[in-house]
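# Descriptive structure summary
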Amino acid sequence: MQDSEDRIININIEDEMKTAYIDYSMSVIVSRALPDVRDGFKPVHRRVLFAMNDMGNTYSNPTRKSAKAVGEVIAKYHPHGDSSVYMTIVRLAQSWSLRYPLVQGQGNFGSIDGDSPAAMRYTECRLSEIAGEMLRDIEKDTVDFQNNFDDTIQEPTVLPTRLPNLLINGASGIAVGMATNMAPHNLSECIDGCVAYIDSKGDIDVDGLMQYIKAPDFPTSGLIYGYDGVKEAFHTGRGRVVIRSRAEIEEHNNHERIVVTEIPYVVNKAEMVSHIAQLINEKRLDGIANITDESNRLGIRIVIDVKRDANANVVLNKLYKMTALQSSFSINNIALVKGRPELLNLKDLVREFVEHRHEVVVRRTRFDLKKAQERAHILEGLLIAVDNIDEVIRLIRESQSPQEAIEALMKRFDLTNIQARAIVDMRLRALTGLERDKLRAEYEELARLINELQEILASEEKQMQVVKDELLEVKEKYGDARRTEIVYASEDFNPEDFYADDQMIITLSHMGYIKRTPLSEFRAQGRGGVGSRGADTKSEDFVEFIYNASMHATLIFFTEQGKCYWLKVYQIPEGSRTGKGRAIQNLLNLDANNRVNAIVWVKNLTTDNHFVNTHYLVFCTKQGLVKKTPLEAYSRPRANGVIAIGLREGDQVVSVRLTNGRNELVIANRNGRAIRFSEDKIRPSGRPSMGVRGITLDQDGRDEVIGMVAIKHPDEETILVISEKGYGKRSHVEDYRVTNRSGKGVKTLNITEKTGNLVDIRSVTNDQGLMIINKSGVTIRLNVEELPVIGRATQGVRLINLEKRDDEIASVCGVANEDKIDETSKPSEQEDSKVADGEQEELFPQPEKEENIDETEE
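Residues numbered from 1 in each chain as written. Predicted model: local features only at pLDDT ≥ 70, side-chain atom pairs only at ≥ 80, totals over all residues. Heavy atoms only, no water.

As annotated in an unreviewed UniProt entry, the protein chain is DNA gyrase subunit A from Porphyromonas macacae. Taken verbatim from the UniProt record of the protein chain, the Catalytic activity (unreviewed entry) comment is "ATP-dependent breakage, passage and rejoining of double-stranded DNA." Entered under Subcellular location (unreviewed entry) in the UniProt record, the comment concerning the protein chain runs "Cytoplasm". (UniProt positions renumbered as here; feature names shortened; annotations may be inferred.)

Here it is in structure tokens:
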């Protein structure tokens, strides 16, 4: 570094960089990026308003070219790029950027779609009427002034605003090491809050102010979704406010459509619509047929046509989740307080503004008092002259010069130089009677004014009353209704909001591929039909389990080794009727040598749910053991699963049933026998227990339990059994006599070579349907009422024709009857009420080859 005398001075580069960067940082913080807490302006905004006001470009005058205003600002106050100054003027004029615009624009000032404004040579502007309140009384020494950049003229350091501008219009800016992002608020609410602060003499907390200033009020309206972020921002100065678009679902030409009329603050409408269209084209957003932007000068209107088979509420929730139709505004209330950046809560913002207004009122009052006293002083001299007019005239006529006349008057009437000079300059018309009366009236009025001003200066209470009265005057003139509605709800999305609670068919193949398919994709056929093509599986794979559950239900998966896992139905990938599905190992943390062997679904699996606390899971194993455990023991999902039942070596879970503790159980074995006993014969045991003997198996080495059913209403239900060759029949429950558990049971199907061994048992009613799938992947759906009710010892009738000689029945599932399911497979209100009461297993019974159990005891 060299000084003026070319001497080299050694400077540590670290110290120089530190000093230079700190200077630069403070310059950015104080002189560019952060607003002053008093008037809510950065220097560029303040200079724009002051320059336009100084050049007479105000609301009461015609608009002028924007280029003239930009030139005035640059030439006198803000020596920076003209584009930055013009864009400042543009933003001050945009009704979607500022809650209360401070500039009135004429011409193209951009749009909410992000369109650029016309060049400043084409547009015109002037200060808005409300901007005049920001500058009122600036000529009365209400604020400090400083030299401009070249020390030729003075500019204000702050504006004497009558509005809490930082609150009503907010601010945003990025400084060095800090940033600010302040939300706009409603003018009427902010003034009410300031008045409450004044009335309480500052003894009001943030919660008290929130009774008046309820939440931000954005210029683009919308809905504030959730209040926690608002409260946090008001209390701490930082918070996250979630804003939702206002959208209504309408009926149009026999289908639904979503009409958006308000969007979140600072969201580019055109980009939002384009993003939605992109998601639709990429198949990431289903259920939308078309999107049209019908917005015009009257307002925003975005029409989203929903497909006939889609649920409009679900589509809308997906739009909220995936697009800017819902966005968040992160509040960070950092502003300059006495030249230093501070994080401010709501009370801090109100206090700083009220104190600023108080100072402005005091300084203005002092200015007015001084001017009034100066004028009264002159009037006193004029009145003396009027009362002694003849002598005054004589003294003036005898004087050789004005200065001699002034001195003569000062000596004769004991006047000051100012009074004597005013008398010398007095016009002859002041000698008329009317003018003399006017002088006396003006003097008396000034005396009253001086007295009032002195009283105001002597009392802080009166000063605050003036501040309050002026605020209420501004509210009366400019106050308006809140635009942004407050929705006191959770900000978090419930995943279930994105899926209609339709009925689904969940299929699980022998090799572990799982998928869900809408029930409506399967049409009913008559008994004995050949079925329709189901899942495409590998040649060695086949669908082993098929279940019916609603979209919002929780599935509890039980493995053959006695562990259980949890999964929501909507978390299962959706696939077509012929789709293979996804490997269940990708969804559950299953061991490599373990596989799902049973499933139970529950509508609402929470520990505080009455249904969960009053129902049980009854397990049955391949070796004939049964166990009963409260459902509540399985209501705490864990990612890695838990032990559901203790098993002996070589045993595995066959069936799991959801019961109410008073049901009867029917267990069937492979050789065609079944046993019926009361559930209360099994005492409840813990989750890892093994259970007790349920049925005694044949000692042929091949016999095993194939399923278990829980009978709730013996008079209404019938027992359906199906053999591996496609034969089946229904029998009355009474045909199976009630015995003690652990017996060998009675014949339930006449096993022959034609029928094959027993593969499934279930309880059904006439208003239910059946889904039967064989190992080759063919599926048939039929109504239970088509099946005959015959004796338990018969071989039954053919239910499905097996085209391949080596084909066999793989799985059977009970579903709702097709004529009771509408197009979307949604249960009726009556069914919904039953589900809410915990009776879902009656409406959509659990299939046989399904759930898991707990420990056993011999």
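Structure's up, so let's keep going.
To continue, consider the overall build of the protein chain. Looking only at helices and strands, one finds 20 helices and 41 strands in the protein chain. Relative to the compact-globule value of 29 Å for 858 residues, the protein chain shows a C-alpha radius of gyration of 43 Å, a clear excess of over 25%. Looking at the protein chain as a whole, 53% of its 858 residues qualify as buried. Partitioning the intrachain contacts of the protein chain with sequence separation of at least 6 by distance along the chain shows that 74% fall at a separation of at least 24. Here the protein chain has roughly 38800 Å² of accessible surface; of this, 45% comes from carbon and sulfur atoms. Measuring between centres, the 112 positive side-chain charges of the protein chain sit 3 Å from its 134 negative side-chain charges. (Helix = DSSP H or I, 4+ residues; strand = E, 2+ residues; numbered from the N terminus. Rg over C-alpha atoms; globule rule 2.2 N^0.38 Å. Buried < 20%, exposed > 50% of the residue type's maximum accessible area, 1.4 Å probe, protein only. Contact = heavy atoms within 4.5 Å. Areas by Shrake-Rupley, 256 points an atom, 1.4 Å probe, with all protein chains shown as cover. Lys, Arg positive; Asp, Glu negative; His and termini not counted. Charge placed at Lys NZ, Arg CZ, Asp CG, Glu CD.)

What follows concerns the UniProt feature "active site" (unreviewed entry) in the protein chain. Within the UniProt annotation, "active site" (unreviewed entry) is assigned to Y122. Summarising the element assignment, Y122 is placed in the loop between β2 (103-106) and β3 (124-127).

In the structure shown here, the tally under the stated rule is 49 salt bridges. The closest approach of N and O atoms between K76 and E72, which form a salt bridge, is 2.7 Å. Separated by 4 residues within a single helix, K76 and E72 lie in helix α3 (residues 66-76), roughly one turn from each other. A relative accessible area of 28% means that K76 is categorised as partly exposed. A salt bridge links K744 to D698; the shortest N-O distance between them is 3.5 Å. Of this pair, K744 sits in the loop between β35 (727-732) and β36 (746-747) while D698 sits in the loop between β32 (692-693) and β33 (705-711); the two residues are 46 residues apart in sequence, bridging distant segments of the chain. Each member of the salt-bridge network shares a partner with another, and the members are D137, K140, R162, R357, R364, D368 and E470. (Salt bridge = Lys/Arg side-chain N within 4 Å of Asp/Glu carboxyl O.)

So, about the sheet that holds β33. The strand order β33-β30-β31-β36 describes an open sheet built from 4 strands, whose pairing is antiparallel. Here the strands that pair on one side only, and so sit at the sheet edges, are β33 and β36. Judged from the 6 bridges that link them, strand β30 (residues 664-669) and β33 form a sheet pairing that is antiparallel. Counterpart to A668 in the pairing with β33 is G707. (Pairing = 2+ DSSP bridges.)

The next point concerns the UniProt feature "coiled-coil region" (unreviewed entry) in the protein chain. Per the UniProt entry, the sites bearing "coiled-coil region" (unreviewed entry) are residues 436-477 in this numbering. Taken end to end, residues 436-477 is 98% helix and 0% strand, and its two terminal C-alpha atoms sit 39 Å from one another.

Our next topic: the domain arrangement of the protein chain. Taken domain by domain, the protein chain consists of domain 1 (42-158), domain 2 (246-324), domain 3 (355-483) and domain 4 (614-764 + 781-808). Using C-alpha coordinates to define each centre, domain 2 is positioned 50 Å away from domain 4. (Domains from an automatic or database assignment.)

Let's shift gears to unusual backbone geometry. Excluding glycine, most residues fall at negative phi; most peptide bonds, likewise, are trans. With a phi close to 55°, D141 is a non-glycine residue in the positive phi region. Mapped onto the elements of the fold, D141 is located in the loop between α5 (129-135) and β4 (145-147). For D141, a relative accessible area of 44% puts it in the partly exposed group. Positive phi values are uncommon outside glycine, yet V266 reaches one of about 55°.

Our focus in this paragraph is the environment of I396. Among the secondary structure elements, I396 is positioned in helix α13 (residues 389-398). In sequence terms I396 and I406 are 10 residues apart; their C-alpha atoms lie 8.2 Å from each other. If we skip the residues at most four places from it in the chain, I396 touches A405 and L409.

A regular strand places its side chains so that they alternate between the two faces of the sheet. With 6 of 8 residues buried, strand β11 (residues 255-262) lies mostly within the body of the structure. With 7 bridges joining them, strand β10 (residues 246-252) and β11 adopt antiparallel strand pairing. Considered in β11, the bridge of R246 is made with E262.

Structurally, R657 can be placed in strand β29 (residues 653-659). Its relative accessible area of 6% is what places R657 among the buried residues. In terms of polar contacts, R657 uses its side chain to reach the backbone carbonyl oxygen of M708, at 2.6 Å. (Polar contact = N/O pair within 3.5 Å; in protein donor to acceptor, adjacent residues only side chain to side chain.)

We now examine the pairing of strand β23 (residues 563-568). Bridge count between strand β22 (residues 554-559) and β23: 5 bridges; the pairing is antiparallel. Each residue of the ladder has a partner; that of L555, found in β23, is L567. Between β22 and β23, which pair antiparallel and follow one another directly, the connecting turn spans 3 residues, one of which, G562, has a positive phi of 90°. The pairing of β23 with strand β28 (residues 642-643) spans 2 bridges and is classified as antiparallel. Looking across to β28, one finds that C564 is bridged to V642.

The N-to-C vectors of helix α12 (residues 346-387) and helix α17 (residues 460-478) enclose an angle of 110°; their axes lie 9 Å apart at closest approach. On the basis of the axis angle, α12 is roughly perpendicular to α17. Across from F353, V354, R357, H358, V361, V362 and R364 in α12, the residues of α17 making contact are E460, Q463, M464, V466, V467, E470 and L471. For the contact of α12 with α17, the per-class residue count stands at 8 nonpolar, 2 polar and 4 charged. (Axes fitted to C-alpha atoms, helices over the stretch in contact; angles between N-to-C directions. Parallel < 35°, antiparallel > 145°, perpendicular 65-115°, else oblique. Nonpolar A, V, L, I, M, F, W, Y, C, P; charged D, E, K, R; others polar.)

Core analysis: the biggest nonpolar cluster contains 81 residues, and V48, L49, L102, L187, L346, V350 and V354 have the highest contact counts within it. Shared between two domains, this core holds at least three residues of each, these being domain 1 (42-158) and domain 3 (355-483). Excluding residues that lie within four positions of it along the chain, L346 makes contacts with L167, V206, L209, M210, I213 and F234. (Core = buried A, V, L, I, M, F, W, Y, C linked by side-chain atoms within 4.5 Å.)

So, on to the environment of T484. Note that T484 resides in the loop between α17 and β17 (485-487). T484 gets classed as buried once you look at its relative accessible area, which sits at 0%. On a C-alpha basis, the gap between T484 and A215 in space is 8.7 Å, while along the polypeptide they are 269 residues apart. For T484, the residues in contact, after removing those within four places along its chain, are P216, D217, F218, S221, G222, L223 and I224. In this structure the side chain of T484 is engaged in a polar contact, spanning 2.8 Å, whose partner is the backbone nitrogen of F218.

The set of residues buried in helix α15 (residues 417-425) consists of Q419, A420, A422 and I423. Down the axis of α15, the smallest arc covering the buried residues is 160°, so these residues share one side. Set apart from the buried face of α15 by more than 90 degrees, the exposed residues are I418 and D425. Where α15 is buried, its residues meet α12, α13 and α14 (402-413). (Arc of directions from axis to C-beta.)

Attention now moves to the sheet that holds strand β37 (residues 758-764). Read from one edge of the open sheet, 4 strands run β37-β34-β35-β40, paired in antiparallel fashion. Looking at which strands have only one partner, the edges of the open sheet turn out to be β37 and β40 (797-798). Bridging between β35 and β40 involves 2 bridges; their strand directions are antiparallel. Each residue of the ladder has a partner; that of Y727, found in β40, is R798.

Our next topic: the confidence of the model for the protein chain. Overall, the predicted model of the protein chain reaches an average pLDDT of 86, with 90% of residues at or above 70. Per-element confidence in the protein chain ranges from a low mean pLDDT of 31 for helix α19 (residues 829-836) to a high of 97 for β3. In the predicted structure, residues 819-858 sits below a pLDDT of 50 and forms 156 contacts with residues beyond four places in sequence or in another chain. (pLDDT = per-residue confidence, 0-100.)

Let us look at the packing of aromatic side chains. Counting across every chain of the model gives 10 aromatic pairs. Between F50 and F145, the aromatic rings sit 5.9 Å apart at their centres with planes inclined by 65°, giving edge-to-face as the arrangement. One end of the pair, F50, is in helix α2 (residues 43-54); the other, F145, is in strand β4, with 95 residues separating them in the sequence. In textbook terms, an aromatic cluster arises when at least three aromatic residues are bridged by ring pairs, as seen for F50, Y77 and F145. Positioned above the aromatic ring of F413, the side-chain terminus of R412 is 4.8 Å from the ring centre. Of note, K628 hangs over the ring of Y616, and the distance from its end group to the ring centre comes to 4.9 Å. (Phe/Tyr/Trp six-rings, centres within 6.5 Å; stacked < 30°, edge-to-face > 60°. Lys NZ or Arg CZ within 6 Å of the ring centre and 35° of its normal.)

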